[in-house]
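What follows is each chain in one-letter form.
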Protein chains: 2
Amino acid sequence: LPPELPRVVRTLAWRGDALELLDQRRLPLEAPPLLCRSVEDVREAIRTLAVRGAPAIGVAAGYGLAIAARESSAADWPGLERDLETAAGRLRSSRPTAVNLGWALDRVLAAARAVAPGGPKEVRAAVLAEAEAIDADDRARCEAIGRAGLDLVPDGARVLTHCNAGALATAGIGTALAPVYAAHAAGREVAVLADETRPLLQGARITAWELAESGVPVTVICDGMAGYAMQRGKIDLVLVGADRIAANGDFANKIGTYAVAVLAREHGLPFYVAAPLSTFDANAPDGAAIPIEERDADEVRASRGVPFAPPDADVWNPAFDVTPARFVTAFVTDAGVLRPPFGESIAAALGA
Amino acid sequence: LPPELPRVVRTLAWRGDALELLDQRRLPLEAPPLLCRSVEDVREAIRTLAVRGAPAIGVAAGYGLAIAARESSAADWPGLERDLETAAGRLRSSRPTAVNLGWALDRVLAAARAVAPGGPKEVRAAVLAEAEAIDADDRARCEAIGRAGLDLVPDGARVLTHCNAGALATAGIGTALAPVYAAHAAGREVAVLADETRPLLQGARITAWELAESGVPVTVICDGMAGYAMQRGKIDLVLVGADRIAANGDFANKIGTYAVAVLAREHGLPFYVAAPLSTFDANAPDGAAIPIEERDADEVRASRGVPFAPPDADVWNPAFDVTPARFVTAFVTDAGVLRPPFGESIAAALGA
């Protein structure tokens, strides 16, 4: 394995005075570069999903404050602080639920305050340095997950994934896809079967695109085909991401993940969940403590203006589901692979 | 239960000199009547999916020959036979794989030949009578399935179904949905959860529409949501149709059915398969003998012009899957409910 894993798809990059994003709004057809020169540019990019995925949003928001620090003409700390807080408020309201967004903004503001006595120039440097540190941390976490999961993806492995927990959701090589990219970088033959992931099609639109760009063979299937693919011996292991993991190992992820987990166990296939330690919620004892967002019915009724169901059809549209810990073979984290009993291995990793 | 079950959605109806279809091409938005006055009208309606579902196609083709017999100006049997055979050839080539299509055409042609010595007038009457008999037989089979399955759908039942094996696939009240319509007619509260059924969305487009038209509460979900719905206690039983059933009870149905069966067993839910005896294939000892059609990748890559995946993405698109008999609680047929051991109950039903 090379000392630094190759990263073909770059979700974002700091360009000295502006943030360059890979614009995800036109996927699966193309992802042209999008240069954000102002705080409002960054806010609009987050709001309209040009950049998405909780880790990537956090990194983009951090650079948004770096732009705000540059934009500000304040000559003293109180003025600069006011401008930074105004910018943070604008960025914070760009998406309602992403935890990383507020966390990244608070981290950058704290770094600014820590050096405030040094004056505006020092603050501006600290803000950019902190944004870059958040970026580097995220890349390092992805890479650590990839290295930890490498041995789980042997030569010739055919991996099923659901939704997108790939490079395009992070600043690095992703979470669920990190072990795939690591195996690919190690010269192993690895192929991915990507669930299209209705209703929002993150698998078909995003996962398929980024794997193809990175040279990893990928085949798209409809969500209802995964069980049949397992039955026909087309899958060796499952790798998915997680939105929140409870202390006992129950975890929430994109709707449809639970069905994949049940099918994997039926077929005796390993089912791995890849996520950084920051995804574990020690305050949630089990899956029952994880709230599940239900989203607008129109996401199911139609796709980009094309009607799929009668316009007045009743629809149930939960965005996530909870998979009990007993279906999980192991968690692949930036602190290594955690195996059952998960209550103990998770507590040990979080306490470390 | 009323002596004849109400049939709100009428897929087709003979109008004295023409075949009236409920045009399914604009579903889920509307299904206006379509009058077929010529053999070519019927052929075009079958070819373009204005009418679909193997039983409904067979009934439509039978009436197509009744129209051919009327259209023919032949004054003797050889001339009329030639016109009927020409029409049968046109109708037979309208869809490549529907078994009922060829079977219905052969049945009507045989009825014509049986009365040929009586002259053209008698032949024309026999052709129409046989088409009407095929229609009546299909309606009777659906109704028998409904009555047989009535006791499996108790008051308050919440039924999950996959794809469309409803009224719009037959001349009657459907197969998988027949017990639902029977329970509804019996005054029981019954509600349906309909998998949207990617890639062609028969659940969202067709099942949701016909149930709503018939006054049965229906909620559409994406295919990946069924497992979570079971986990949350939103489903009491599963009812699906079948395209072919092997002698041991393994059966083929729309892709995604197998995943639903595995999930139903995980949750201890009854899993019923409704189909007429004509769907059982005594020559197929088990599921391995059932060939599975793989369809065009573009069905998955895009839906009605909306791109879902990169245009050059690799796609696997099996149209059906095979569910092993061990997942089936019972088969609901026009000859009653068949329970395990299926080798014996199926042989007894087919031998009767």
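Preceding this section is the structure that the text describes.
Here the structure is a predicted model, which means the values were calculated and not measured.

Novice: It is not clear to me how the pairing of strand β4 (residues 157-161) of chain B should be interpreted in this structure. Could you clarify?
Specialist: Two faces make up the sheet, and in a regular strand the side chains alternate between them. Residue and element names in this part refer to chain B. Counted residue by residue, β4 has four buried out of five residues, so it is predominantly covered. Pairing geometry for β4 and strand β5 (residues 190-195), over five bridges, is parallel. Bridging from a neighbouring strand, Leu160 pairs with Leu193 of β5. Where β4 lies against strand β7 (residues 237-240), two bridges are found, and the strand directions are parallel. The residue bridging Leu160 from the neighbouring strand is Val238, located in β7.

Novice: I'm lost on the interface of chain B and chain A in this one. Help?
Specialist: Each partner contributes residues to the interface: chain B has 54 residues there, and chain A has 54 residues. Taken as a group, B:Tyr228, B:Phe308 and B:Trp316 account for 17% of the area that chain B buries against chain A, more than any other trio of residues on that side. Counting the contacts that link chain B with chain A gives six salt bridges. The residue A:Arg265 makes a salt bridge to B:Glu266 at a minimum N-O spacing of 2.8 Å. Here chain B and chain A share 16 residue pairs in polar contact (both at pLDDT 80 or more) between them.

Novice: Whenever I open this one, the packing of aromatic side chains confuses me. Can you help?
Specialist: This structure, assessed with the given rule, holds 15 aromatic pairs over all chains. Geometrically, the ring pair formed by B:Trp14 and B:Tyr63 is stacked, given 5.1 Å between the ring centres and 10° between the ring planes. Placement of B:Trp14 in strand β1 (residues 12-14) and of B:Tyr63 in helix α2 (residues 54-71) is noted, with a sequence separation of 49 residues between them. This pair shows no difference in class: B:Trp14 is buried, exactly as B:Tyr63 is. Aromatic pair B:Phe251 and B:Phe271: ring centres 6.2 Å apart, planes at 40°, arrangement tilted. Within this pair, whereas B:Phe251 is found in strand β9 (residues 251-254), its partner B:Phe271 is found in strand β10 (residues 271-274), the two being separated by 20 residues in sequence. As far as burial versus exposure is concerned, B:Phe251 and B:Phe271 are alike and both buried. An aromatic cluster of at least three residues, connected via ring pairs, comprises A:Phe251, A:Phe271, A:Phe280, A:Phe331 and A:Phe342. If you follow A:Lys234 out to its NZ or CZ, it ends over the ring of B:Trp316, 4.7 Å from the centre.

Novice: Can you walk me through the packing of helix α3 (residues 77-92) of chain A against helix α4 (residues 99-114) of chain A in this structure?
Specialist: Angle between the axes and distance between the axes: these two values describe a pair of packed helices. Residues and elements named next belong to chain A. In contact at an axis separation of 10 Å, α3 and α4 are set at 175° when each is read in the N-to-C sense. Compared by their axis directions, α3 and α4 come out roughly antiparallel. Contacts between α3 and α4 involve Trp77, Glu81, Leu84, Glu85, Ala88, Leu91 and Arg92 on the former and, on the latter, Leu101, Gly102, Leu105, Asp106, Leu109, Ala112 and Arg113. Among the residues making up the contact of α3 with α4, the classes are represented as eight nonpolar, one polar and five charged.

Novice: It is not clear to me how the relation of the copies chain B and chain A should be interpreted in this structure. Could you clarify?
Specialist: Here the second copy of the chain follows from the first by a rotation about an axis and a shift along it. Between chain B and chain A, which share one sequence, the superposing operator has a rotation angle of 180° and an axial displacement of 0.0 Å; the RMSD is 0.1 Å. The superposition of one copy onto the other is thereby described by a two-fold rotation axis. Interface overlap between copies is the fraction of interface residues in one copy that are interface residues in the other; for chain B against chain A it reaches 100%, indicating a shared surface.

Novice: Teacher, can you tell me more about the environment of B:Ala126 here?
Specialist: Residues and elements named next belong to chain B. When you line up the elements, Ala126 lands in helix α5 (residues 120-149). A relative accessible area of 14% places Ala126 in the buried class. Spatially, the C-alpha atoms of Ala126 and Ala111 are 6.4 Å apart, while their sequence positions differ by 15 residues. Excluding residues that lie within four positions of it along the chain, Ala126 makes contacts with Ala111 and Val115.

Novice: Whenever I open this one, the nonpolar core confuses me. Can you help?
Specialist: Note on soluble globular proteins: their nonpolar side chains tend to be buried together. With 177 residues, the main nonpolar core has A:Phe271 and B:Phe271 as its most contacted residues. Beyond its immediate chain neighbours, meaning those up to four positions away, A:Phe271 contacts A:Val238, A:Val240, A:Phe251, A:Thr257, A:Val260, A:Ala261, A:Ala264, A:Phe327, A:Val328, A:Thr329 and A:Ala330.

Novice: I would appreciate a short explanation of the packing of α2(B) against α5(B) in the present structure.
Specialist: Residues and elements named next belong to chain B. Closest axis-to-axis distance for the α2/α5 pair is 8 Å, and the angle between their directions is 165°. Considered as vectors, α2 and α5 are oriented roughly antiparallel to each other. At the point where α2 passes α5, the crossing takes the left-handed sense. Across the interface between the two elements, Pro55, Val59, Gly62, Tyr63, Leu65, Ala66 and Ala69 from α2 touch Arg124, Val127, Leu128, Ala131, Glu132, Ile134, Asp135 and Asp138 from α5. Residues belonging to the contact of α2 with α5 are distributed by class as follows: 10 nonpolar, one polar and four charged.

Cut-off values and rules
- Residues numbered from 1 in each chain as written.
- Chains lettered and ligands numbered in written order.
- Predicted model: local features only at pLDDT ≥ 70, side-chain atom pairs only at ≥ 80, totals over all residues.
- Heavy atoms only, no water.
- Buried < 20%, exposed > 50% of the residue type's maximum accessible area, 1.4 Å probe, protein only.
- Helix = DSSP H or I, 4+ residues; strand = E, 2+ residues; numbered from the N terminus.
- Pairing = 2+ DSSP bridges.
- Contact = heavy atoms within 4.5 Å.
- Buried area = accessible area lost by both parts, 1.4 Å probe.
- Salt bridge = Lys/Arg side-chain N within 4 Å of Asp/Glu carboxyl O.
- Polar contact = N/O pair within 3.5 Å; in protein donor to acceptor, adjacent residues only side chain to side chain.
- Phe/Tyr/Trp six-rings, centres within 6.5 Å; stacked < 30°, edge-to-face > 60°.
- Lys NZ or Arg CZ within 6 Å of the ring centre and 35° of its normal.
- Axes fitted to C-alpha atoms, helices over the stretch in contact; angles between N-to-C directions.
- Parallel < 35°, antiparallel > 145°, perpendicular 65-115°, else oblique.
- Nonpolar A, V, L, I, M, F, W, Y, C, P; charged D, E, K, R; others polar.
- Least-squares fit on C-alpha atoms with pLDDT ≥ 70 in both.
- Core = buried A, V, L, I, M, F, W, Y, C linked by side-chain atoms within 4.5 Å.
- Left-handed = near helix turned anticlockwise from the far one by under 90°.

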